[in-house]
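Structure assessment
In case you want the letters, here they are:
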Amino acid sequence: MTQEPMYKRVLLKISGEALSGGTGFGINNDVLKDISLGIKELVESGVEIAVVVGGGNFWRGRTSEGMDRTTADYIGMLATVMNAMALQDSLESLDVPTRVQTGIEMNKVAEPYIRRRAVRHLEKGRVVIFGAGTGNPYFSTDTAAALRAAEMEAEVILLAKNVDAVYDKDPKVHPDAKKFTHLTYMEVINRELKVMDSTATSLCMDNNIVIKVFELSTENIIKVVYGENMGTIVE
Ligand code: UDP
């Protein structure tokens, strides 16, 4: 690519479901490789990349019936660490330097989250993968993405999903679903659109963090960072 990337520092949010490659469960190696190749290309063109991974491909706190909510949420956070480590392994097999930092300390497998250290890794060209969400129950990894984006002073959140944009209803169920190319934070909150949960959306609104929603693929991650319009922009 001849033109320059549009962003210097981005936060990429990868949902657990996207990692499962459409099956909804587990990690699909082809998807992992595909994402890693995209990240590698961007790192090599000088873009600093922080990643927040979800855990919904293994566990979601709110859907575990009958279990204490905080316990269920902690299990969910542990699930994100598995995804973080898998992504780290995949990136390092492509010679991309990485660090995993977790919101819950587990120093046998990852560094604890330390903001200044994470920023330093980014400046050195390392991909920083944030696991265990915010480290707190009752939050989501979308909120973790908004929080870490603010802390890292990332210019944008790239919300890679398994749909190509935000719709007014599920396009897989309703063929007449309306696609949005541009939304305000308030529209997302008031219309209860399934972009991010309201806590995460409010955090982005309060800190002026732009969200770009698009379908996860190597090609798309690169195109979005190079400024191509696709999917939905929330600002
Ligand atoms: N979680 C949490 N606090 C956080 C982030 C995540 O308690 O800061 C838990 C929560 O139970 C959530 C699960 O981890 O359901 C997995 O994360 P999420 O559902 O956000 O993953 P995604 O939908 O992006 O795959």
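Thresholds, definitions, all that
Residues numbered from 1 in each chain as written. Predicted model: local features only at pLDDT ≥ 70, side-chain atom pairs only at ≥ 80, totals over all residues. Heavy atoms only, no water. UniProt positions renumbered as here; feature names shortened; annotations may be inferred. Buried < 20%, exposed > 50% of the residue type's maximum accessible area, 1.4 Å probe, protein only. Contact = heavy atoms within 4.5 Å. Helix = DSSP H or I, 4+ residues; strand = E, 2+ residues; numbered from the N terminus. Core = buried A, V, L, I, M, F, W, Y, C linked by side-chain atoms within 4.5 Å. Near = heavy atom within 4 Å. Polar contact = N/O pair within 3.5 Å; in protein donor to acceptor, adjacent residues only side chain to side chain. Areas by Shrake-Rupley, 256 points an atom, 1.4 Å probe, with all protein chains shown as cover. Expected span 1.5 Å × (residues − 1). Salt bridge = Lys/Arg side-chain N within 4 Å of Asp/Glu carboxyl O.

**Considering the UniProt feature "binding site: UMP" (unreviewed entry) in the protein chain**
Using the residue numbers shown here, the UniProt feature "binding site: UMP" (unreviewed entry) corresponds to Gly-55, Asp-73, Thr-134, Gly-135, Asn-136, Pro-137, Tyr-138, Phe-139, Ser-140 and Thr-141. Of the residues just listed, which span 87 residues, no C-alpha pair is farther apart than 14.2 Å, and they cluster in one region. On the basis of relative accessible area, Asp-73 is assigned to the buried category, the value being 8%. Once you skip the residues sitting within four places of it in the chain, Asp-73 turns out to touch Gly-61, Arg-62, Pro-137 and Tyr-138. In this fold, Phe-139 is placed in the loop between β5 (127-131) and α5 (141-152). Phe-139 gets classed as partly exposed once you look at its relative accessible area, which sits at 41%.

**Remarks on the nonpolar core**
The biggest cluster of nonpolar side chains holds 38 residues, and the ones touching the most others in it are Leu-12, Ile-14, Ile-35, Ile-39, Val-51, Leu-87 and Ile-129. With six residues, the top contributor of residues to this core is helix α2 (residues 29-44).

**Overview of the site of the ligand**
Inspection of the region around the ligand gives 20 residues, with Gly-16, Asp-73, Thr-134, Asn-136 and Thr-141 positioned closest. Here an oxygen atom of the ligand sits 2.7 Å away from a polar atom, N or O, in the main chain of Gly-16. A distance of 3.4 Å separates an oxygen atom of the ligand from a polar backbone atom of Met-77. Look at the ligand: alone it shows 530 Å² of surface, and the protein chains cover 95% of it.

**As for unusual backbone geometry**
The phi dihedral of Glu-153 falls on the positive side, at around 55 degrees, and the residue is not glycine. As for its placement among the helices and strands, Glu-153 is situated in the loop between α5 and β6 (156-161). Phi is positive for Asn-208, close to 50 degrees, though the residue is something other than glycine. Topologically, Asn-208 is positioned in the loop between α7 (198-206) and β10 (210-215).

**A word on helix α3 (residues 69-93)**
Counted at 1.5 Å a residue, the expected span for α3 with its 25 residues is 36 Å, and the 37 Å between its end C-alpha atoms agrees. A positive backbone phi angle near 65 degrees is found at Asp-95, which sits one or two residues after α3.

**What to know about the pattern of salt bridges**
Where charged atoms from two side chains of opposite charge come close, those side chains can pair. Under the defined criterion, the tally for this structure stands at 14 salt bridges. Between Asp-73 and Arg-69 there is a salt bridge, with its nearest N and O atoms 2.8 Å apart. Pair noted here: Asp-73 and Arg-69 are both in helix α3, with a separation of four residues, about one helical turn. When the shortest N-O distance is used, the salt bridge between Lys-169 and Asp-176 registers 3.3 Å. Note on Lys-169: relative accessible area 31%, which makes it partly exposed. The class for Asp-176 is exposed, based on a relative accessible area of 55%.

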